[in-house]
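Below, each chain spelled out in residue letters.
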Amino acid sequence: MEHLHLAAEEDDLYSGYNDYNPTFDSEELDNDAGFQQAVRTSHGRRPPMTAKFPGTAIGGRALGTSFGSRMPMASSMGRPMTGAVQDGAARPMTAVRAAGYSSAMTRGSTFDPLGQSKGPAPPLEGKSEDTPDEKVKILEKKVNDLIEESCLAHGLGDLQLSLDRAKEAGRKERALVRQREQSGNADHINLDLTYSVLFNLATQYANNDMYAEALNTYQVIVKNKMFSNAGRLKVNMANIHFKQKNYPKAIKLYRMALDQISNSHKEMRIKIMQNIGVVFIRMGQYSDAITSFEHIMSECPNIKTGFNLILCYYAIGDRERMKKAFQKLICVPLGIDEEDKYIPPNDDTHANLVIEAIKNDKLHQMERERKALAEKFIMTSAKLIAPAIEVTFAAGFDWCVDMVKSSQYVELANDLEINKAITYLRQRDFNQAVETLKTFEKKDSRVKSAAATNLSFLYFLEKDYDQADRYADLAMTADRYNPAALINKGNTVFVKKDYEKAAEFYKEALRNDSSCTEALYNLGLTYKRLGRLEESLDCFLKLHAILRNSAQVMWQLANLFEMLEDPHQAIEWLMQLITVTPTDPQVLAKLGELYDSEGDKSQAFQYYQESFRYFPSNIDVIEWLGAYYIDTQFCEKAIQYFERATLIQPTQVKWQLMVASCYRRSGNYQKALETYKDIHRKFPENVECLRFLVRLCTDMGMKEVQDYATKLKKVEKMKEIREQRVKSAREGSARGTRREGSASSEVDIKAVSHPEPKHSPLLAQGRDSGHSSHGTSAKGERLSAKMRALPGSNEPYEASSQRDIDASYVDPLGAPMERPKTAAKKRNEEDEFADEELGDDLLPE
C-alpha cells in the first residue's frame, strides 16, 4: 500500500488532455529528422523482431502504472510515432494496421483510423454508351417514348401535338435503322417498332384531316410484305375514302380487306360487311345494301343492322319485308342481365352490399345505354313504318303495338300508343288524339301521368281551361314529381290571374327538376305581372346562363331593364339579341325607339330603316320614318312611306292627307290638288280636305273655289249641329243621373272597384310585348305631337282639332302577347309536347 498513490483533492484526473504535444504536429513533419528516418527505414525494410529491439512501445522506459515512481500518463506525454528513433536506432513497425497505421504513409497525411477523409464510395462504373448496341437501345427507347407521348396527347385532345410527336418518332426510327446498318446489324431491324411508328403516324394524319398523307403512310405499310396482317389496314384506308365521299373506292378497299381476313375472325368480317352496307345506302343502291344487311342478320344479328335493314325496305317501299324486318329487330338479343337481379333481398346483408356496389358500376351503365339505344331504334322504326305498312297509320300503329307487346319490350307498347296520339295531333285530328290519350286513365301511374299531361296541354291550347285544370290535377295525382304536370297546373292558375299561386307551382316544378327551363321562364313572367321586377330579372338571368342563345330570354331581359328605367342596359341586351336574330323587325324597331328616346336620331333612323326593310307593313315604323323625313325637310322621301300607310289602312284619311301635305310642302301644287280632290271623293265630309281645296283653288285662281267653299260651309254647319246634339244628349243624361241619385238616397252604396286592365290570353310561351301601358301612351303622345306639328302653324289644316286628325292609331295586328310556357310529358324529340310556341310575336330562329 506504500506504493499506492491516492489522488489528492487538488489533483485533476483529466489534466493533460488539452496539452499540445509537438509530436503530433503534422505541419512540421517535413522538418522532423527522426520521422523522416523512420519513414525511410520502415518502407519495405523492417528489421527483424528481436529482444533487443522489441516491437512494442515499452522498451527503454518504465511502465506508466501506479507502482513504483509515478510517471505521467502516455496521453499527457504524447506517444511517439511508430518507427521513431529511440536510443539512436530506428524502431521497427508493429502489427497495428487495423488501428489505422500504415507503413506506406505518405508525406503530409493525417491520422484517420476510420477512413472518414476518403468520402463516399465511388459510383459503379457504367457501361460505355459509345458501343453500337448501347446506341441502338437508347434510340429504341426514345422512339417508344415518343409513340407513347403521341398517343397520350391524342387522348387529351391535342391533335397537333400528337402529330408532331408521331413525326418525331418517325425521324428517330429512321435514324435507328441507319445506325443498325452502319453497325452491320441490318438483319436485326425491329419490324414491330417500324410498324408501330408508321401506323401511329398514319392515324394521327387521319385525325388531323390530312387524308392524303394518311393514305400514303398506310400504303407504305400495306405494300411492305414483311408486315404480317397489314391487309387489315385497308379498312382504315376505306374509312378515309368514305369521309372523302369516294364511295366506290371505299367499297373496293372494304372488299379487299374482307378477302384477307379469315373466317375465324367472324366479328371483324361482320363489321366490315356492315360498313359495306352503309356505303351502299349512301350511294342509293338499296338492293346491294339489303344483301349485306340480310347476311349479317342471318349470321350475327344486332340492333343497328336491323334498323338499317328496315330503312332500306322503307326506301324501296316493300311492306311485307318491312314487317318481317321489324319482327327480327324486336327479337335481337341484347345480351344484358335482367333488372330484377339488382333488387336487393331483405335478409342477406352481404348480398345487399354487393348489389349496392354493382348497381351503378360501368357494366350496368353500359347495359342501360345498350337497352336505351335498342328502345330508341324500335320506337323510331315503329313510327317510320306504321303509316306505310297498312292503309291507315292507326292500323299500322296497332300492328306495331301488338308485335311489341309479344316481345321483350312490353313497356314500349304504351309509349307507342302515346306516339299514336301525337301523330293525330300532327294531322290536326284533335278529337282522335284526345280519345287515344283518354284510354290511359286506367293504366299505371307513369303512363297515366304522361297522358294526362298531354291532355292538359291540348285543352289549354283550345282555351278550355277547366278541362286543362282537371287533367293537370289528374297528372299531379298520378305523379306529384312530374314537373310538366306542375307547369300545366301553374298555367291554368295563371290565366285566372292568381299569380302568387301560379308562382308556387312553378317553384315546385323547379324543386323537382332544377333544369326545367319552362318553369323558370314562366316564373319570371309571373314575377313580372306581380311587379316584382328584380326577382323577374334574376329568373331570366339564370335562364340566360342555361340558354345562352335564346332570343325570347334576351328580349325579356331588355324589356325588364327598360321597365327599370335603364335604357343603356336594354340597348345592350337588344344588341346581343340582333346577333342571334339579325332580321327580326320588331327588335330593330325597339332599338330605334330606345335610341329615339335617348335623342340619338341618326341611330334611331338606321334601326327603323332596317326594320322597315325586313317588314314594310309596320305602321309605327312607317309613321316614324315619314315624320323623320319631314323634320329633315325631305318631304319627297316621306311621300313613299305615307303612300304605303295608305295601302295598309285605306280607311284612315290621315295618311292620304299627309301625302297631299307632302306634295304641297315640296311645291308640287298640281299633284297636291289632285290628291285632295281624290280624298274629297272618298271622304266628302272631311273638313280639312275641303279647307285645303279652297285655299289651293284660291291661290291657283281656279273656278272650283266657290263650289268647295259652299261644301265647306255645309259640312261645318252639319258638324256644329252634330256636336250640339251630342252635347244636349250628354246634359240630359247627366240630369237624369242626378234625379236618380236623389231618389235613391236611402239605397246602400256599393263599393265599385276599379276595373283591371285586360290581359291578352296566355299562350304556351311568349315574348312580352315590351310596351307597358305608360310607355305606349307616351309613345302615342310623341307621335301625335309630331304629326300635328308637320305643316306650318298658319295653315287651316293644322288648326283642326286633335279629335279630327289624330296620329295615334290602333294596331290592327294587336299588341304582342306575353304567355307562359306549357309543358307536357317529355319522352323524346318526336313526342315532346312541352309547349314551346311563342305566339304571334315569335322571334325568328
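About the criteria used
- Residues numbered from 1 in each chain as written.
- Predicted model: local features only at pLDDT ≥ 70, side-chain atom pairs only at ≥ 80, totals over all residues.
- Heavy atoms only, no water.
- Helix = DSSP H or I, 4+ residues; strand = E, 2+ residues; numbered from the N terminus.
- Buried < 20%, exposed > 50% of the residue type's maximum accessible area, 1.4 Å probe, protein only.
- Contact = heavy atoms within 4.5 Å.
- Areas by Shrake-Rupley, 256 points an atom, 1.4 Å probe, with all protein chains shown as cover.
- Phe/Tyr/Trp six-rings, centres within 6.5 Å; stacked < 30°, edge-to-face > 60°.
- Lys NZ or Arg CZ within 6 Å of the ring centre and 35° of its normal.
- Core = buried A, V, L, I, M, F, W, Y, C linked by side-chain atoms within 4.5 Å.
- Polar contact = N/O pair within 3.5 Å; in protein donor to acceptor, adjacent residues only side chain to side chain.
- Salt bridge = Lys/Arg side-chain N within 4 Å of Asp/Glu carboxyl O.
- Axes fitted to C-alpha atoms, helices over the stretch in contact; angles between N-to-C directions.
- Parallel < 35°, antiparallel > 145°, perpendicular 65-115°, else oblique.
- Left-handed = near helix turned anticlockwise from the far one by under 90°.
- Nonpolar A, V, L, I, M, F, W, Y, C, P; charged D, E, K, R; others polar.
- Expected span 1.5 Å × (residues − 1).
- Arc of directions from axis to C-beta.

S.K.: I'm lost on the overall build of the protein in this one. Help?
M.R.: The helix and strand tally for the protein stands at 34 helices and two strands. Split into buried and exposed, the 845 residues of the protein put 39% on the buried side. Intrachain contacts of the protein at a sequence separation of at least 6 include 57% that bridge at least 24 residues. Here the protein displays about 49,000 Å² of accessible surface, and carbon together with sulfur accounts for 52% of that area.

S.K.: Help me understand helix α7 (residues 234-243) in this model?
M.R.: An α-helical segment advances 3.6 residues per turn. Residues three or four places apart therefore align on the same side. Residues of α7 that are buried include every one of Lys234, Val235, Met237, Ala238, Ile240 and His241, and no others. Directly beyond the C-terminal end of α7, a positive phi value near 60 degrees is found at Lys245.

S.K.: What is the right way to read the packing of aromatic side chains from this model?
M.R.: Both the distance between ring centres and the angle between the ring planes are used here to describe each pair of aromatic rings. In the structure shown here, the tally under the stated rule is 20 aromatic pairs. With a centroid separation of 5.1 Å and 65 degrees between ring planes, the pair formed by Phe612 and Tyr641 is classed as edge-to-face. In this pair, Phe612 is assigned in helix α27 (residues 601-614) and Tyr641 in helix α29 (residues 635-648), connecting sequence segments 29 residues apart. Assessed through its relative accessible area of 14%, Phe612 is described here as buried. Assessed through its relative accessible area of 2%, Tyr641 is described here as buried. These aromatic residues form a ring-pair network of at least three members: Phe605, Tyr608, Phe612, Trp624, Tyr628, Tyr629 and Tyr641. The positively charged end of Lys323 is found above the aromatic ring belonging to Trp399, 5.5 Å away from the centroid. Stacked on the ring of Tyr471, the Lys or Arg Arg470 has its end atom at 4.6 Å from the ring centre.

S.K.: Just to check I follow, could you spell out the nonpolar core for this structure?
M.R.: Where a protein is soluble and globular, its nonpolar side chains tend to be buried together. Ranked by internal contacts, the top residues of the largest apolar core, which has 179 residues, are Phe326, Cys400, Tyr409 and Tyr676. Examining the composition of this core, we find that nine residues originate from one element, helix α18 (residues 445-461), more than from any other. Excluding residues within four positions of it along the chain, Tyr409 makes contact with Ile303, Ile330, Val332, Leu334, Ala374, Glu375, Ile378 and Val404. One finds Val136, Leu139, Val143 and Ile147 within the second-largest nonpolar core, a separate group that totals nine residues.

S.K.: How should the side chain of Asp584 be read in this particular structure?
M.R.: Relative to the elements of secondary structure, Asp584 occurs in the loop between α25 (567-580) and α26 (585-597). Reaching out from Asp584, the side chain makes a polar contact with the backbone nitrogen of Val587 at a distance of 3.3 Å.

S.K.: Help me out: how do you make sense of the pattern of salt bridges in this one?
M.R.: Taken as a whole and assessed by the stated rule, the structure comprises 20 salt bridges. Put simply, Lys323 and Glu390 hold a salt bridge, and the shortest N to O gap is 3.0 Å. Of this pair, Lys323 sits in helix α12 (residues 319-330) while Glu390 is found in the loop between α14 (362-389) and α15 (393-405), placing the two residues 67 residues apart along the sequence. Lys323 sits in the buried class, given a relative accessible area of 14%. Judged by relative accessible area, Glu390 falls into the partly exposed class, the value being 23%. One network of salt bridges, in which partners are shared, links Glu294, Asp318 and Arg321.

S.K.: Can you walk me through the environment of Asp288 in this structure?
M.R.: Along the chain, Asp288 turns up in helix α10 (residues 286-299). The spacing of Asp288 and Gly277 is 11 residues in sequence and 7.2 Å in space, taken between C-alpha atoms.

S.K.: Help me understand the packing of helix α22 (residues 517-529) against helix α23 (residues 533-546) in this model?
M.R.: Each pair of packed helices can be described by the angle between their axes along with the distance between the axes. Contact geometry of α22 with α23 gives a least axis separation of 7 Å together with a crossing angle of 155 degrees. Of the possible angle classes, the one that applies to α22 and α23 is roughly antiparallel. Pair α22 / α23 crosses with left-handed handedness. Seen from α22, the contacting residues are Thr517, Leu520, Tyr521, Leu523, Gly524, Leu525, Tyr527 and Lys528; seen from α23, they are Leu533, Glu535, Ser536, Cys539, Phe540, Lys542, Leu543 and Ile546.

S.K.: Mind showing me how you'd approach the packing of α12 against α14 here?
M.R.: Relative orientation of the contacting elements α12 and α14 amounts to 160 degrees, with a least axis distance of 11 Å. As summarised for this structure, α12 and α14 are arranged roughly antiparallel, according to the angle between their axes. Of the two elements, α12 crosses α14, and the hand of that crossing is left-handed. Residues Arg319, Met322, Lys323, Phe326, Leu329 and Ile330 of α12 form the contact with α14, whose own contacting residues are Phe377, Ile378, Ser381, Ala382, Ile385, Ala388 and Ile389. Across the contact of α12 with α14, the residue classes tally to 10 nonpolar, one polar and two charged.

S.K.: Explain the environment of Val177 to me, please; I cannot follow it from the model alone.
M.R.: Relative to the assigned elements, Val177 resides in helix α4 (residues 159-183). The exposure class assigned to Val177 is buried, which follows from its relative accessible area of 18%. Sequence-wise, Val177 and His188 are 11 residues apart; in three dimensions their C-alpha atoms are separated by 9.7 Å.

S.K.: I'm lost on α27 in this one. Help?
M.R.: Given a rise of 1.5 Å per residue, 14 residues ought to cover 20 Å, and the 20 Å separating the end C-alpha atoms of α27 matches this to within 8%. When α27 is considered as a whole, its buried residues turn out to be Ala604, Tyr607, Tyr608, Ser611 and Phe612. Down the axis of α27, the buried set is contained in an arc of 140 degrees. They therefore lie on one face. Along α27, exposed side chains directed more than 90 degrees from the buried face belong to Ser602 and Arg613.

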